[in-house]
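# Summary of structural features
Below are the chains, spelled out letter by letter.
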Amino acid sequence: MKIVRLVIASVAAFGALASAGAVAATSPAPLCVAKDTQNLTPTTKAPAWYMPGVTGPCQADSGSKPIVEPMTAYWVYFSAFYPSDAFRTVPYNADYSARDCEVNFRTCGQYIISYAWAFWYSCSGRGLSGYDVARNIRYWADRARANGSNWRVYTWTEGGGYPYGCAFSVYALS
Amino acid sequence: MSVRRAVVVLALTLVTSSAHAATPPVLRLDLKAQTLGGKTILGRTTRAVVAALGRPTQRRQGSKRARFSYGRAASPSAIVLFRREGGTLRSWSVALSDRRLREATLGTLLQLPLRRLQQRLVAELGMRVVRPYRCATTCRGDAAIPGSRVRVGFGRVGTRPPYLVLYEAD
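Nothing here was measured: the structure is a model prediction, and the numbers come from that model.

### Here's the deal with the interface of chain A and chain B
- Between chain A and chain B, the residue contacts involve 17 residues of the former and 20 residues of the latter.
- Sorting elements by how many residues they give to the side of chain A that touches chain B places helix α4 (residues 116-125) of chain A first, with three residues.
- By residue class, the composition of the side of chain A that touches chain B is seven nonpolar, eight polar and two charged.

Set out below in structure tokens:
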């Protein structure tokens, strides 16, 4: 009986620890970005507790870093959300785009949605700065890393390809 | 004296002509006919769109997609999007954001409150609301043109002026 109780207590403690990252949004001292394949609600801003470069993924995929250090690459257009246009990329390229947005908010969208003006117009029209957008991209890149190697960061437009939404999320390649 | 008058006339002429050059013409939209400036605008080749609307002020063309912008670079009055269909780039969407835009039935529709615009699209053009206008992270509504695969999206991005986008939904 004592053993059973001990096992239950251990399982409960493990569960609490494992979900620490997931509940980090309400916790005063978040540990890391947890694996979470359920709550994928897109955001235009990263949670307040997220600190780029400090709050990393709880469990990063070892294959998530490139072998070489390339420059920013264009995000891939895909039509899964038709009649919206959508664009996706791997986490490390998302980080490069985030850096681009920190450096020049008016041009970074060229790599992300192939339309620098629309990116800037839409994101700044929502009151977001280049720093806000960069932080959000880095957050979702960490979410993708935490979820595994088949996860990508994506963003999209409204129906008809206009306007750009300036929100990001992650999804799994099948 | 006559020299001074001539200078004034010349100056006025220059001011007037530069103002005309800077202000794009008012676009005329017909949602029932799905035309812009009296020309069919969706499902057209890049060449046909240039023939209908003129040369774009900005043009970006790849093998799978293209985009033509009209009006000022900082605030285009029209953006036409193309995608590859059966080996040819064809227009599938046109976004309009000039408040002076004039629609055949509704008049200057981008000067209407957007909920009112939604009501009038339904009441006066018989459209069906497929996504009611609401504001969450963005303000947006979509309505379908009856008997066609074309939809009309309308909304506003934060503090930016309202827009309308006419697009093929399938």
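### Here we look at the nonpolar core
- The biggest cluster of nonpolar side chains holds 38 residues, and the ones touching the most others in it are Val80, Val94, Leu96, Val152, Leu164, Val165 and Leu166 of chain B.
- Mapped onto this core, the elements with two or more residues apiece are α2 (46-53), β5 (65-72), β6 (75-85), β7 (88-96), α3 (114-125), β11 (150-156) and β12 (163-168) of chain B.
- Once residues within four sequence positions are removed from consideration, valine 165 of chain B is found in contact with Gly160 and Tyr162 of chain A together with Ser93, Val94, Ala95 and Gly153 of chain B.
- Grouped together as the second largest cluster of nonpolar side chains are 35 residues, Tyr50, Trp120, Tyr121 and Trp151 of chain A included.

### Notes on the environment of alanine 51 of chain B
Residue and element names in this part refer to chain B.
- Relative to the assigned elements, alanine 51 resides in helix α2.
- Assessed through the 11 C-beta atoms surrounding it within 10 Å, alanine 51 is described here as exposed.
- For the pair alanine 51 and glutamine 61, spaced 10 residues apart in the sequence, the C-alpha separation amounts to 17 Å.

### Section: the pairing of strand β4 (residues 164-172) of chain A
Residues and elements named next belong to chain A.
- Note: strand β3 (residues 151-157) against β4, six bridges, orientation antiparallel. Along β4, the bridge assignment pairs valine 153 with valine 170.
- The hairpin turn running from β3 into β4, its antiparallel successor, is six residues long, and glycine 160 in that turn takes a positive phi close to 85°.

### Digging into the sheet that holds strand β1 (residues 76-78) of chain A
Residues and elements named next belong to chain A.
- If you walk across this open sheet you meet the four strands as β1-β2-β3-β4, and the pairing is antiparallel. Since the sheet does not close on itself, it has two edges, and those belong to β1 and β4, each with one partner. Taken pair by pair, the neighbouring strands of this sheet meet at an average axis angle of 30°, ignoring direction.
- Of the strand pairs in this sheet, β1 and strand β2 (residues 86-89) are connected by three bridges, and their pairing is antiparallel. Residue tyrosine 77 lies in a different strand from β2, and its bridge partner there is phenylalanine 87.
- Along the sheet face, helix α5 (residues 130-147) touches β3 and β4 and points at about 15° away from the line of β4.

### Digging into the pairing of β6 of chain B
Residues and elements named next belong to chain B.
- Relative to β6, β5 runs antiparallel, the two sharing eight bridges. Following the sheet pairing, phenylalanine 68 is matched in β6 by valine 80.
- Connecting the antiparallel pair β5 and β6 is a turn made up of two residues.
- Sheet analysis places β6 next to β7, joined by eight bridges and oriented antiparallel. Residue pairing for β7: arginine 84 is matched across the bridge by leucine 89.
- Where β6 hands over to β7, the hairpin turn is made up of two residues, of which glycine 86 adopts a positive phi near 55°.

### A short note on the sheet that holds strand β9 (residues 128-135) of chain B
All names here are of chain B.
- Here eight strands make up an open sheet; going across it, the order is β4-β5-β6-β7-β12-β11-β10-β9 and the pairing antiparallel. Lying at the two open borders of the sheet, with one neighbouring strand each, are β4 (58-61) and β9. If you compare each strand with its neighbour and ignore which way they point, the axes differ by 15° on average.
- Against the sheet, α2 engages β4, β5, β6 and β7, with an angle of about 10° to β5.

Conventions used here
Residues numbered from 1 in each chain as written. Chains lettered and ligands numbered in written order. Predicted model: local features only at pLDDT ≥ 70, side-chain atom pairs only at ≥ 80, totals over all residues. Contact = placed C-beta atoms within 7 Å. Helix = DSSP H or I, 4+ residues; strand = E, 2+ residues; numbered from the N terminus. Nonpolar A, V, L, I, M, F, W, Y, C, P; charged D, E, K, R; others polar. Core = buried A, V, L, I, M, F, W, Y, C linked by C-beta atoms within 7 Å. Buried ≥ 20, exposed ≤ 12 C-beta atoms within 10 Å, placed from the backbone. Pairing = 2+ DSSP bridges. Axes fitted to C-alpha atoms, helices over the stretch in contact; angles between N-to-C directions.

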